[in-house]
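# Survey of secondary and tertiary structure
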Amino acid sequence: MFSLLLKDVLILKKQFLLVLLFILFANYFMVFSTSGIVFIPGLTVVLTYALVVQSCLLDDKANSELILLSLPLLRRDIVRTKYFSLFFYALSSILSTLIFQLIKALLSHPTAFSLTWGIFLTSIFAASLMGSVYYPFYFRLGYVKSRIISTVVFFTLFFGSSFVAGLLNHHSQSPVIQALGKAVQWLHDLSTLGSTTLTLLFILLFTGSSYLLSRRFYQRREF
Amino acid sequence: MMHLTISNASEEPIYQQILTQIKTLIIQGEMSGGEALPSIRALAKDLQISVITTKRAYEELEREGFIDTVPGKGSFVAVQNRELLREQRLRVVEEKLALAVNLARSAGIGLSELQEILSLIYEEED
Amino acid sequence: MPNILEVENLSKTFPRFSLQKISFSLAPGYIMGFIGPNGAGKSTTLKLIMHLLHKDSGQIKIFGLDPQHYERQIKDRIGFVYDENHFYEELTLKAMARIMASCYSHWEPQTFTSYLEQFSLPPKEKIKKLSWGMQMKFSLALALSHQAELLILDEPTSGLDPIIRHELIEILSALREDEKKAVLFSTHITTDLEQIADYITFIHDGQLVFSRAKDDILERYALVKGDPGLLTRENQSLFTGWNQTRYGFTGLVPDRAQARLLLGNRVLFEKATLDDIMLYTVRGKAHV
């Protein structure tokens, strides 16, 4: 698995540099003081998605599966590494933001923003959710087809969420919405330990089932 | 040193070419008793031919008593075989000559005429 | 010694092509040529062996092991060269080699460096800057640097000049000096194999034509040339295939001795090459 991670890092050298520049840019110009809770997870998801897709694109471009599967690697190693690198990208992205913000704080910049545990968890959660949706398509269909489908899925999620939000507002009196509201309130009232555990559990559940699905798909693929 | 010239264009199978050439080298004394031959695999590598071809040539050479193969050590030109070979050949020559003499007798060809023919053929062949 | 590779009744069906009950085996210390026209199923067979495709039925054993249970251990001992570049073009040779090296348990850096030198490959060059011949050599250097016991080459020589092809042959025959190693070499350019190969496995249209010692094949098969009038109905069964013109015919017989017995001195016998054998087998008697 180390070899494959090394491979991803080596082939994505240029992209990592671009991402770093982008983060620098974003951190310099953006004022996070109130919007950080949305902005940082958003940035993490976008950058992680970009790296994930780039790595899959480069694998596809080189038709490298023939080589990778001829090496002493198992198909499940390849799948596992893709999930592992997802977290790796997300963590690197958050870490870079943290470093830039620390520098800003040290320079007593007025817009310096401190990363909270909650934002960190939300970012990781959002990135893993994105990967858990994307990878099964990728491992089932290959890069080209999965790209189309994942685009459709993400747009649906994006516009769908605002649609759902509008729907919720409209029917705020219905018992289902009431119950949902209570659930949200309950989550909000949880202690840090409680919400951390819950988030990690969700991450584990999503990525775990997504991984199992991807593995099954990839096992059946032919090259 | 063993020099072999292999032709791919020849109708003669390659193992046969190797066989004939090594035999000639041994009979003419260019390879002496006890001398090591290259291994089957080294020879195949140098001539860039099949291992099966060199193996077959060596097996044939061994069967005819030209070489000895010691497992794990390699193949060597058999000692004493030059004399043995000469004797074998001499026996064949005697047989054929006897046949020729018989034919000559039945045709009424005399000894002196026969000797004349023999020396004529011998010199011609040389 | 047990076989390095055993393929038994291997079958795989695609919508437009099927590989049917292919069987052959390869012992250590030998080079096997895997021949057949384009589309005969050579790549499919090799991909099934490498488990890039899933077989429908049949058996594959590599180093005596079942690849379904010992995939990693088996691939650790296989070196491969494919007919196209499948490397990351943007990487340098060195970086690509580093990735691959970290996968093998017996990687030998010195061996690899010496092959790079021997092939005049620049380690700091990007892969996309290499010609196809250089890429093949790079592939070969990787395949030879981890003590692989089985070398699988899929059309490595197509599109290469005779000089590089000859170099490859030299390397393979040097490799064969080690009697523990074996090579499976697929190609449709049979001249590469005419000399060096020990065994030939010939497939056509997804079916096995033969898998035998090359010497045996070349000794039995012959080209026969003669007057078209000699191609009587009884004689026709002697031939695998033939080509007929106004002036005469050339045909391939799988049994030289039998043909000589029946046709005798009325025809001319010539040595058949692997190319002849492939050509007449594929063409058959269709165009008479």
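Rules used throughout
- Residues numbered from 1 in each chain as written.
- Chains lettered and ligands numbered in written order.
- Predicted model: local features only at pLDDT ≥ 70, side-chain atom pairs only at ≥ 80, totals over all residues.
- Heavy atoms only, no water.
- Helix = DSSP H or I, 4+ residues; strand = E, 2+ residues; numbered from the N terminus.
- Buried < 20%, exposed > 50% of the residue type's maximum accessible area, 1.4 Å probe, protein only.
- Contact = heavy atoms within 4.5 Å.
- Pairing = 2+ DSSP bridges.
- Axes fitted to C-alpha atoms, helices over the stretch in contact; angles between N-to-C directions.
- Buried area = accessible area lost by both parts, 1.4 Å probe.
- Salt bridge = Lys/Arg side-chain N within 4 Å of Asp/Glu carboxyl O.
- Polar contact = N/O pair within 3.5 Å; in protein donor to acceptor, adjacent residues only side chain to side chain.
- Nonpolar A, V, L, I, M, F, W, Y, C, P; charged D, E, K, R; others polar.
- Domains from an automatic or database assignment.
- Patch = residues over 30% accessible without salt bridge, like charges linked within 9 Å, V, L, I, M, F, W, Y side chains within 5 Å.
- Areas by Shrake-Rupley, 256 points an atom, 1.4 Å probe, with all protein chains shown as cover.
- Lys, Arg positive; Asp, Glu negative; His and termini not counted.
- Charge placed at Lys NZ, Arg CZ, Asp CG, Glu CD.
- 1 Å grid on protein atoms, 1.4 Å probe; cavity = no way out; pocket = protein on both sides within 12 Å on 5 of 7 lines; lining within 4 Å.
- Points joined across faces, edges and corners; volume = space filled by probe spheres on them.
- UniProt positions renumbered as here; feature names shortened; annotations may be inferred.

Helices and strands together make up the secondary structure of chain A, namely 8 helices and 0 strands. Traced from its N-terminal end to its C-terminal end, chain A shows the element sequence α-α-α-α-α-α-α-α. Sorting the 223 residues of chain A into buried and exposed places 42% on the buried side. Taking as baseline every contact in chain A between residues at least 6 positions apart, the subset at least 24 positions apart corresponds to 84%.

As a further point, take the sheet that holds strand β11 (residues 241-244) of chain C. Residues and elements named next belong to chain C. What the 4 strands build is an open sheet, ordered β11-β12-β10-β13; its pairing is antiparallel. The two strands at the open ends of the sheet, each matched to only one other strand, are β11 and β13 (268-271). The mean angle between the axes of side-by-side strands here comes to 20 degrees, regardless of whether they run parallel or antiparallel. Bridging between β11 and strand β12 (residues 249-253) involves 4 bridges; their strand directions are antiparallel. Residue pairing across strands places Asn243 opposite Thr250, the latter belonging to β12. Helix α10 (residues 256-263) contacts β10 (222-226), β12 and β13 of the sheet and is inclined by roughly 165 degrees relative to β13. Helix α11 (residues 274-283) contacts β10, β11, β12 and β13 of the sheet and is inclined by roughly 100 degrees relative to β12.

With that settled, the discussion passes to the interface of chain B and chain C. Taken together, the contact pairs 19 residues of chain B with 24 residues of chain C. For the chain B and chain C pair, buried surface summed over both sides reaches about 1700 Å², with 42% attributable to carbon and sulfur atoms. Ranking the residues of chain B by area buried against chain C places Arg41, Gln48 and Ile52 of chain B at the top, with a combined share of 41%. For the interface between chain B and chain C, the tally reads 3 salt bridges. Taking the shortest distance from any N to any O, the salt bridge between Glu177 of chain C and Lys45 of chain B comes out at 3.4 Å. Where chain B packs against chain C, one counts 12 residue pairs in polar contact (both at pLDDT 80 or more).

What follows concerns the interface of chain A and chain C. Listed by partner, the interface residues are 28 residues for chain A and 27 residues for chain C. When chain A packs against chain C, the two sides together hide about 2600 Å² of surface, and 64% of this comes from carbon and sulfur. Taken together, the connections running from chain A to chain C amount to 3 salt bridges. In this structure, the connection of chain A to chain C is made through 14 residue pairs in polar contact (both at pLDDT 80 or more). Among the secondary structure elements, those contributing two or more residues to the side of chain A that touches chain C are α1 (2-11), α3 (36-61), α4 (65-68), α5 (75-106) and α8 (192-220) of chain A. Considered class by class, the residues forming the side of chain A that touches chain C number 14 nonpolar, 5 polar and 9 charged.

Once the domains are mapped, chain B shows domain 1 (14-79) and domain 2 (82-125). Between domain 1 of chain B and domain 2 of chain B, the C-alpha centre-to-centre distance is 32 Å.

Here we come to unusual backbone geometry. Unusually for a residue other than glycine, Gln48 of chain B sits at a positive phi of about 50 degrees. Residue position: Gln48 of chain B is located in the loop between α2 (40-47) and α3 (51-63). Since its relative accessible area comes to 12%, Gln48 of chain B is described here as buried. In this structure, Lys21 of chain C takes a positive phi of about 45 degrees despite not being glycine. Mapping Lys21 of chain C onto the fold places it in strand β2 (residues 18-26).

On to helix α3 (residues 93-101) of chain C. Across the 9 residues of α3 of chain C, 7 count as buried, placing the element largely inside the fold. Listing the buried residues of α3 of chain C in full gives Leu93, Ala95, Met96, Ala97, Ile99, Met100 and Ala101 of chain C. Buried residues in α3 of chain C make contact with α1 and α4 of chain A together with β5 (78-81), α4 (109-118) and α5 (132-143) of chain C.

Of all 2 pairs of chains sharing an interface, the pair with the highest contact count is chains A and C. One finds no contact between chain A and chain B; the C-alpha atoms of the two approach each other to within 28 Å at their closest.

All names here are of chain A. Among the surface-exposed residues, Leu95, Leu98, Ile99, Leu102, Ile103 and Leu107 lie close enough to one another that they form a single nonpolar patch of about 560 Å² accessible area. Mapped onto the secondary structure, Leu98 falls in helix α5. For Leu98, a relative accessible area of 31% puts it in the partly exposed group.

Moving on, we come to the pairing of β12 of chain C. Residue and element names in this part refer to chain C. Burial analysis of β12 places 5 of its 5 residues in the buried class, which makes it a mostly covered element. Side chains of β12 alternate between two faces, with Phe249, Gly251 and Val253 and Thr250 and Leu252 buried alike. Summarising the sheet, β10 and β12 pair through 5 bridges and their orientation is antiparallel. The residue of β12 that forms the bridge with Lys225 is Thr250. Counting the residues in the hairpin turn of β11 and β12 gives 4 residues.

Right, let's get into a positive patch on the surface. Residues Lys13 of chain A together with Lys94, Arg98 and Lys124 of chain C make up a contiguous surface patch of positive charge. By the secondary structure assignment, Lys124 of chain C is in the loop between α4 and α5. A residue is classified by how much of its surface remains accessible, and Lys124 of chain C, at 71% relative accessible area, is exposed.

Gaps left between atoms are located by rolling a probe of water-molecule size over the structure's atoms. Tallied over the entire structure, the rule returns 6 cavities of 30 Å³ or more. The space that makes up the largest cavity amounts to roughly 100 Å³. If you go around the largest cavity, the residues you meet are Ile11, Leu58, Lys61 and Ala62 of chain A together with Tyr88, Glu89, Glu90 and Leu91 of chain C. Tallied by class, residues from the lining of the largest cavity come to 5 nonpolar, no polar and 3 charged. The calculated volume of the second largest cavity comes to roughly 70 Å³. Residue lining of the second largest cavity: Ile67 of chain A together with Phe80, Val81, Tyr82, Glu84, Asn85, His86, Phe87, Trp132, Gln135, Met136 and Ser139 of chain C, and that is the complete set. Broken down by secondary-structure element, the contributors of at least two residues to the lining of the second largest cavity are β5 and α5 of chain C.

With that out of the way, let us pick up the UniProt feature "transmembrane region" (unreviewed entry) in chain A. All names here are of chain A. With numbering aligned to this structure, UniProt lists the feature "transmembrane region" (unreviewed entry) at residues 12-31, 37-58, 83-103, 115-137, 149-170 and 190-213. For residues 115-137, the helix share is 91%, the strand share is 0%, and the end-to-end C-alpha distance is 33 Å. Helix makes up 92% of residues 190-213 and strand 0%, whereas the separation of the span's terminal C-alpha atoms amounts to 32 Å.

Let's shift gears to the environment of Ile35 of chain C. Residues and elements named next belong to chain C. Position of Ile35 relative to the elements: it lies in strand β3 (residues 31-35). Each C-alpha atom of the pair Ile35 and Asp275 lies 9.6 Å from the other, and the pair is 240 residues apart in sequence. Once residues lying within four places of it in the same chain are set aside, the contact partners of Ile35 are Lys42, Thr187, Thr190, Leu193, Ile200, Thr201, Phe202, Ile203 and Met278.

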